[in-house]
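Commentary on secondary and tertiary structure
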Amino acid sequence: MLASLRQIVQEVNAAADLQSILEIIVARVKAAMETEVCSIYLRNPAGEYVLMCTDGLNQTSVGNVILSRHEGLVGLVVTREEPINLDEAESHPAYQYFPETGEEKFSSFLGAPIVHQRQVLGVLVVQQKVKRRFDESEEAFLVTMSAQLAGAIAHAEATGVLRTIGQRSEARFLGVPGSNGVGIGRCVVLSQPADLSSVPYQTCESIEAELEFFHASLAAVRDDVRGLGNELASRLNKEEQVLFDAYVGMLDDASLGKEVSERIRGGLSASYAWSEVILEHVKTFSSMSDPYLRERASDVRDLGSRVLAYLQQYTVDEIEYPEQTVLVGEDLTAAMLAEVPLERVVGIVSVKGSSNSHIAILARSLGIPTVMGAVDLPYTRLNGRDLIVDGYRGSVYSDPGAEVRAQYQNIVDEDKQLVASLESVKALPSETQDHHRVALWVNTGLMADAMLSLERGAEGVGLFRTEVPFMLRERFPSEEEQRVTYRGQLEAFAPHPVTMRTLDIGGDKALPYFPIEEDNPFLGWRGIRITLDHPEIFLGQVRAMLKASEGLDNLRIMLPMVSNISELEIAQMLIRRAYQELLEEGYKVQFPPVGVMIEVPAAVYQAREFAARVDFLSVGSNDLTQYLLAVDRNNPRVADLYHSLHPAVLRALKKIAEDSHLEGIPVSICGELAGDPLASLLLVAMGYDVLSMSATNLLRVKSAIRSITLADAEKLLQEVMVMPDAESINHCLDLAFRQAGLTRLLGPEKAEA
Ligand code: PEP
Ligand code: MG
């Protein structure tokens, strides 16, 4: 059965649309299980379950059998969220008979829920005439089948929305919140060059010109491949030579070229038509059972990318960014953001990633509403369409109607009012009502967010992510290039302190010119581990920082991802060496305070030992949460398990604050938690000296801190520290905010849709 299971899943993944997926499932499952009926019921927008496809029941009943979640055996599968296996369905009290199906002939019934992201999307049913209970292995097969297919069905349903309900009707897609706020604008899809699966849907203006251009590109790549084949001729064996000839053949006008030309004649752009055809062939090859043929999928993809690169090279129209741009992409990166006129960007949507991905963190520091992990968004078809990005709830609307648009415009207006009303606290000190001072600093990475921070009255930088300027280049920046960048930051904030973190790459922060391939990147070569293995990079960076601080003396250096005392000691030795060198070279620099980030559980337990050796500690709560809870900060599938207010995280945070104070050094926190007005009260009560956050949150947090006394915050902390889970803690904080009349700081009530 395993073979047929794999085969069905492959066929389904290769299918073009929802209808074909359903037809494949019912036919293949029926055959594999040797039953007489296989049917699929799917949930409609009203929450009812509709018979969508069947092999065995009367076809006229498709679309006409509709059950609520409390009706029939299908409803029972839905409410129980588990398989129901009956030898005599008709005698079960929940049985409901639909004459149009002709199902009275079938006695035995096995139904399995199709569950995606904890939601029952539908029910997969097999039926048989003979009265018999399906055996354990059959039940397990159906359950495995529906678990494997749930994702494909959900994706096909979501992407199908745009096609089946017409070109311009409102559709809503779900993701996770990335950066608060609402953005209303026009979509611009950003894609990686030569990436077949992210080519935006586009039509062509002149069919004749497009065809001519396409044939010329094809001929050029054909020549390239032939040339390559000739060059390698002496080194290729016969089989490989045949393969080369086959490639040239595929690029023939009569082969792939013909299919693409037909689509161009239908009005599509050459790039889109080409990528569509190639992806279809890749799918077909991938689903073949012969391993040799399956392998050929990657050849077809490779060839496809080559031609696509050609097509894109000659069609690089300048991207036009409308006044209100919503950027959409499969996997947006900081480098991509750097090429965009940010003043026009009102929203960002990324298909991959979650709220703790670095692109989301950057978006927050720039105050751009963002949705992450919108995995079902048919983004390649959205170019030029109107979009609403709801960064509060994590949803995206395409072609919104007047009602939804008005609703969201209200939120935009309310947001503006809130920002205006917070202006009044800008010049006021950040202290509780009983005058306990807490420094509010900012996290920066770009010059744009540094400017925003200054406007918001930041008193220092708690985290300058130096990897951002590294990401924006095509090679490592030279020491002098780094010095100039760092000088810009240090000067902008002087005399306030600027905490520069040494290069923190690895994990989800890749440099395009320094790729790291690992099975487990978050447990691999990251942060300080890389820079200590490459002292030339570390020393160059520290030298650039020190030189940049000459005459300003507001630099602090911070080390990321430290998990061993020896790492700290080696880093300190290298910093001292760089400092000595510069003194010898005649620079008048001061030795800066050096601190470590507490980001991994090991460092929590050794916080005291670290504190005894440095000038400050700073908690990276984003990574600390990820590592304490074993929840990948980028994975939308587990995003709802990522709780920075989990009791385990709170206990770690409290211990770190206590340990640093026992050693008499200040402690700060620079993860996203610091910018959460609710959490900020707890952090103040724990004794954090500095909260460092995205500039957009600064005034909200200040406002929250100014509205309570330290004693009240401490009482609140005591209350939540004994709670069993993040939900209760969140609830308790929400309540406290409500009672203090502070809910407006959390943003406008999330719009109901
Ligand atoms: C953190 O992990 O909390 C942190 C501030 O660092 P980054 O988000 O850049 O990994
Ligand atoms: Mg980190």
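Residues numbered from 1 in each chain as written. Chains lettered and ligands numbered in written order. Predicted model: local features only at pLDDT ≥ 70, side-chain atom pairs only at ≥ 80, totals over all residues. Heavy atoms only, no water.

Tallying each qualifying case throughout the model produces nine aromatic pairs. When the ring of Phe464 is compared with that of Tyr486, the centres are 6.2 Å apart and the planes differ by 85 degrees; the resulting orientation is edge-to-face. Of the two residues, Phe464 is situated in strand β16 (residues 461–465) and Tyr486 in helix α15 (residues 479–493); the sequence distance between them amounts to 22 residues. Judged by centre distance (5.1 Å) and plane angle (80 degrees), the rings of Phe476 and Tyr513 are edge-to-face. Taken as a pair, Phe476 in the loop between α14 (467–471) and α15 and Tyr513 in the loop between β17 (498–501) and α16 (528–533) lie far apart in primary sequence, 37 residues in all. (Phe/Tyr/Trp six-rings, centres within 6.5 Å; stacked < 30°, edge-to-face > 60°. Helix = DSSP H or I, 4+ residues; strand = E, 2+ residues; numbered from the N terminus.)

As a further point, take the domain arrangement of the chain. Assigned domains within the chain: domain 1 (2–165), domain 2 (171–190 + 319–417), domain 3 (196–318) and domain 4 (426–752). Distance between the C-alpha centres of domain 3 and domain 4: 47 Å. (Domains from an automatic or database assignment.)

Around ligand 1, a shell composed of 17 residues is seen, among which Arg465, Arg501, Gly620, Asn622 and Arg633 lie nearest. At 2.8 Å from an oxygen atom of ligand 1 is found a side-chain nitrogen or oxygen belonging to Arg465. Here an oxygen atom of ligand 1 and a side-chain polar atom of Arg633 are 2.8 Å apart. Protein contacts shield 100% of the accessible area of ligand 1, which totals 290 Å² for the unbound molecule. Broken down by element, the residue count for the shell around ligand 1 peaks at three residues, all from helix α21 (residues 621–629). (Near = heavy atom within 4 Å. Polar contact = N/O pair within 3.5 Å; in protein donor to acceptor, adjacent residues only side chain to side chain. Areas by Shrake-Rupley, 256 points an atom, 1.4 Å probe, with all protein chains shown as cover.)

An α-helix turns once per 3.6 residues; consequently, residues spaced three or four apart project the same way. Burial analysis of helix α23 (residues 677–686) places ten of its ten residues in the buried class, which makes it a mostly covered element. Among the residues of α23, Pro677, Leu678, Ala679, Ser680, Leu681, Leu682, Leu683, Val684, Ala685 and Met686 are the ones counted as buried. Tucked inside the fold, the buried residues of α23 contact α22 (647–662), β21 (667–669), β22 (690–693), α24 (698–706), α25 (710–721) and α26 (726–739). Gly687, located one to two residues past α23, shows a positive phi value of around 105 degrees. (Buried < 20%, exposed > 50% of the residue type's maximum accessible area, 1.4 Å probe, protein only. Contact = heavy atoms within 4.5 Å.)

So, on to the coordination of the magnesium ion (ligand 2). The protein atoms that coordinate the magnesium ion (ligand 2) are Glu599 (OE) and Asp623 (OD), at distances of 2.0 Å. Taken as a pair, Glu599 in the loop between β19 (594–598) and α19 (601–605) and Asp623 in helix α21 lie far apart in primary sequence, 24 residues in all. Here Glu599 and Asp623 have matching classes, each one buried. (Donors = N, O, S within 2.8 Å, 3.2 Å for Na, K, Ca; no water.)

Taken as a whole, this structure holds three cavities of 30 Å³ or more when the rule is applied. Counted as a void, the largest cavity has a volume near 130 Å³. Lining the largest cavity are 13 residues, with Tyr41, Leu73, Val74, Gln96 and Glu103 positioned closest to its centre. Those elements that provide at least two residues to the lining of the largest cavity are α3 (72–80) and β6 (119–128). Among the elements that take part in the lining of the largest cavity, α3 stands out by supplying three residues, more than any other. Looking at side-chain class alone, the lining of the largest cavity contains nine nonpolar, three polar and one charged residues. Counted as a void, the second largest cavity has a volume near 100 Å³. If you go around the second largest cavity, you meet 14 residues; those closest to its centre are His358, Ile361, Leu362, Arg465 and Val468. Those elements that provide at least two residues to the lining of the second largest cavity are α11 (358–366), β15 (439–444) and α14. Considering each element in turn, the lining of the second largest cavity owes the most residues, four residues, to α11. Composition of the lining of the second largest cavity by domain shows at least three residues from each of domain 2 (171–190 + 319–417) and domain 4 (426–752). (1 Å grid on protein atoms, 1.4 Å probe; cavity = no way out; pocket = protein on both sides within 12 Å on 5 of 7 lines; lining within 4 Å. Points joined across faces, edges and corners; volume = space filled by probe spheres on them. Nonpolar A, V, L, I, M, F, W, Y, C, P; charged D, E, K, R; others polar.)

Another point: the environment of Ile530. Residue position: Ile530 is located in helix α16. Under the relative-accessibility criterion, Ile530 is labelled buried at 1%. Through-space distance from the C-alpha of Ile530 to that of Ala363 is 26 Å; in sequence the pair is 167 residues apart. Ignoring any residue separated from it by four or fewer positions in sequence, one finds Ile530 in contact with Ile505, Gly506, Phe514, Ile516 and Trp525.

Bringing the pairing of β16 into the picture now. In terms of burial, β16 is largely enclosed, as five of its five residues are buried. Looking at chain direction, β15 and β16 are connected through three bridges and run parallel. Residue pairing across strands places Val442 opposite Val461, the latter belonging to β16. With three bridges joining them, β16 and β17 adopt parallel strand pairing. Note that in β17 the partner of Val461 across the bridge is Val498. (Pairing = 2+ DSSP bridges.)

Read across the sheet, eight strands follow the order β7-β14-β13-β9-β10-β11-β12-β8 without closing on themselves; strand pairing throughout is mixed. Since the sheet does not close on itself, it has two edges, and those belong to β7 (171–174) and β8 (176–179), each with one partner. Across this sheet, the average inter-strand angle for adjacent strands is 30 degrees, counted without regard to direction. Across five bridges, the pairing between strand β9 (residues 182–189) and strand β13 (residues 386–390) is antiparallel. Looking at the pairing, Ile184 lines up with Ile388 of β13. Sheet strands in contact with α11 are β8, β11 (345–350) and β12 (370–372), and its direction is about 50 degrees off that of β8. Docked against the sheet, helix α12 (residues 402–422) engages β9, β13 and β14 (395–398), running at close to 115 degrees with respect to β9. (Axes fitted to C-alpha atoms, helices over the stretch in contact; angles between N-to-C directions.)

Next up on the list: the pattern of salt bridges. For the structure on display, the rule yields 29 salt bridges. Its salt-bridge partner being Glu569, residue Arg613 comes within 3.6 Å of it at the nearest N-O pair. Residue Arg613 is found in the loop between α20 (607–611) and β20 (616–619), and its partner Glu569 is found in helix α18 (residues 565–584); the two are separated by 44 residues along the sequence. Note on Arg613: relative accessible area 38%, which makes it partly exposed. One salt bridge connects Arg633 with Asp623, and the closest N-O pair in it is separated by 2.8 Å. Here Arg633 is found in the loop between α21 and α22, whereas its partner Asp623 is found in helix α21, with ten residues between them in sequence. Taking the relative accessible area as the measure of exposure, Asp623 reaches 2% and is therefore buried. Through salt bridges with shared partners, a single network forms among Glu467, Arg501, Asp504, Arg526, Asp623 and Arg633. (Salt bridge = Lys/Arg side-chain N within 4 Å of Asp/Glu carboxyl O.)

As a further point, take the sheet that holds strand β2 (residues 49–55). With antiparallel pairing, the six strands of this open sheet are ordered in space as β3-β2-β1-β6-β5-β4. Pairing within the sheet leaves two strands with one partner each, and these edge strands are β3 (66–67) and β4 (84–86). As defined by bridge partners, strand β5 (residues 108–116) adjoins β6 across nine bridges and the pair is classed as antiparallel. Each bridged residue has a counterpart across the sheet, and for Ala112 the counterpart in β6 is Leu124. Its contacts with the sheet put helix α2 (residues 18–33) on β1 (37–43), β2, β5 and β6, and the angle it makes with β1 is roughly 145 degrees.

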